[in-house]
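In case you want the letters, here they are:
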Amino acid sequence: ANTAQMELRKIEAEVTAGQNKNAVFRLRKIISQNPATDVVDDAYMLLGHIYYRQNDFNESYKAFLSILNSEYSTSREAEAQLGAARSLYKLGRYD
């Protein structure tokens, strides 16, 4: 998962610089190639934020939910809960 971690950092830097172009595709690739690793939660977190900024609140909700449903406990769980809640709010769903 080390190369996945490095790829993730690279994508994070590009997204920070506003280069989202193939970030979603590359994050999905990390997720599919590294199942059951903690790098997946980080990838979903970034994915959730990208979708949220693109106003794709359904996809951002699903990404944040993937972290909450993960078998790994993560320090980013509160951040994921907040992201999921904000996405639901934007979708007009208050469940």
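Just so you know, these numbers come straight off a predicted model, no measurement behind them. Counting restarts for each chain, with residues numbered from 1 along the sequence as it is written. Per-residue local features are limited, in this predicted model, to residues with pLDDT of at least 70; the limit for side-chain atom pairs, both in listing and counting, is 80 or more; totals at the level of whole chains, interfaces and linings are taken over all residues. Only hydrogens and water are set aside; all other atoms, that is, all heavy atoms of the structure, feed into the side-chain values.

A. Structural detail: the overall build of the chain. Here a strand is any run of E in DSSP of at least two residues, a helix any run of H or I of at least four, and the numbering for each starts at the N terminus. For the chain, the helix and strand inventory stands at 5 helices and 0 strands. Going from N to C terminus, the chain has its helices and strands arranged as α-α-α-α-α. Every radius of gyration here is taken over C-alpha atoms, with the globule rule written as 2.2 Å times N^0.38, N being the number of residues. Its C-alpha radius of gyration of 13 Å places the chain within 12% of the 12 Å reference for a compact globule of 95 residues. Along the longest, intermediate and shortest principal axes, the C-alpha atoms of the chain span 40 × 30 × 20 Å. The buried label goes to any residue with under 20% of its type's maximum accessible area, the exposed label to any with over 50%, and the partly exposed label to all in between, with areas taken from a 1.4 Å probe on protein chains only. The buried share of the chain, reckoned over its 95 residues, is 38%. Contacts in the chain between residues at least 24 apart in sequence constitute 47% of all its contacts with a sequence separation of at least 6. Under this rule, positive means Lys or Arg and negative means Asp or Glu; His and the chain ends count for nothing. The location of each charge is read from NZ of Lys, CZ of Arg, CG of Asp or CD of Glu. For the chain, the separation between the mean place of its 12 positive charges and that of its 12 negative charges on side chains is 7 Å. Contacts are assigned to residue pairs with any non-hydrogen atoms lying within 4.5 Å of each other.

B. The side chain of Asn34, seen in detail. In this structure, Asn34 sits in the loop between helix H2 (23-33) and helix H3 (38-53). In this structure Asn34 comes out as buried when scored by relative accessible area, which is 13%. A polar atom in the side chain of Asn34 sits 2.8 Å from the backbone oxygen of Ile30. Identification of polar contacts relies on pairs of N or O atoms within 3.5 Å, with a donor-acceptor requirement for protein atoms, meaning one able to donate a hydrogen and the other able to accept it, and with residues adjacent in sequence counted only if both atoms are side-chain atoms.

C. The arrangement of the confidence of the model for the chain in detail. pLDDT measures how confident the predictor is about each residue, on a scale from 0 to 100. Confidence in the prediction for the chain averages 91 pLDDT; 97% of positions are at 70 or higher. Of all the helices and strands in the chain, helix H1 (residues 2-16) carries the lowest mean pLDDT, 92, while helix H4 (residues 57-68) carries the highest, 96.

D. Geometry of the pattern of salt bridges. In what follows, salt bridge is the name for a side-chain nitrogen of Lys or Arg lying within 4 Å of a carboxyl oxygen of Asp or Glu. As enumerated under the stated definition, the model contains 9 salt bridges in all. Here Lys10 ties to Glu7 by a salt bridge, and the two come within 3.7 Å at their closest N and O atoms. In this pair, Lys10 and Glu7 both sit in helix H1, 3 residues apart, roughly one turn of the helix. Using a relative accessible area of 48% as the deciding quantity, one classes Lys10 as partly exposed. Each of Arg9, Glu12, Asp42, Arg76 and Glu79 takes part in one network of salt bridges that share partners.

E. Broad picture of the packing of aromatic side chains. Ring pairs shown here join Phe, Tyr and Trp side chains whose ring centres sit within 6.5 Å, with only the six-membered ring taken for Trp; geometry is labelled stacked below 30 degrees between planes, edge-to-face above 60, and tilted in between. On inspection of all chains with the given rule, the structure shows 1 aromatic pair. Arranged with centres 5.0 Å apart and planes meeting at 65 degrees, the rings of Tyr52 and Phe57 form a pair that is edge-to-face. In this structure Tyr52 comes out as buried when scored by relative accessible area, which is 16%. A positively charged side chain is recorded as over a ring if its NZ (Lys) or CZ (Arg) lies within 6 Å of the ring centre. The angle to the ring normal must also be within 35 degrees. The ring of Tyr52 has Arg86 sitting right over it, with the charged end atom 4.6 Å from the ring centre.

F. Fine view of unusual backbone geometry. The phi dihedral of Ala36 falls on the positive side, at around 60 degrees, and the residue is not glycine. Following the sequence through the fold, Ala36 ends up in the loop between H2 and H3.

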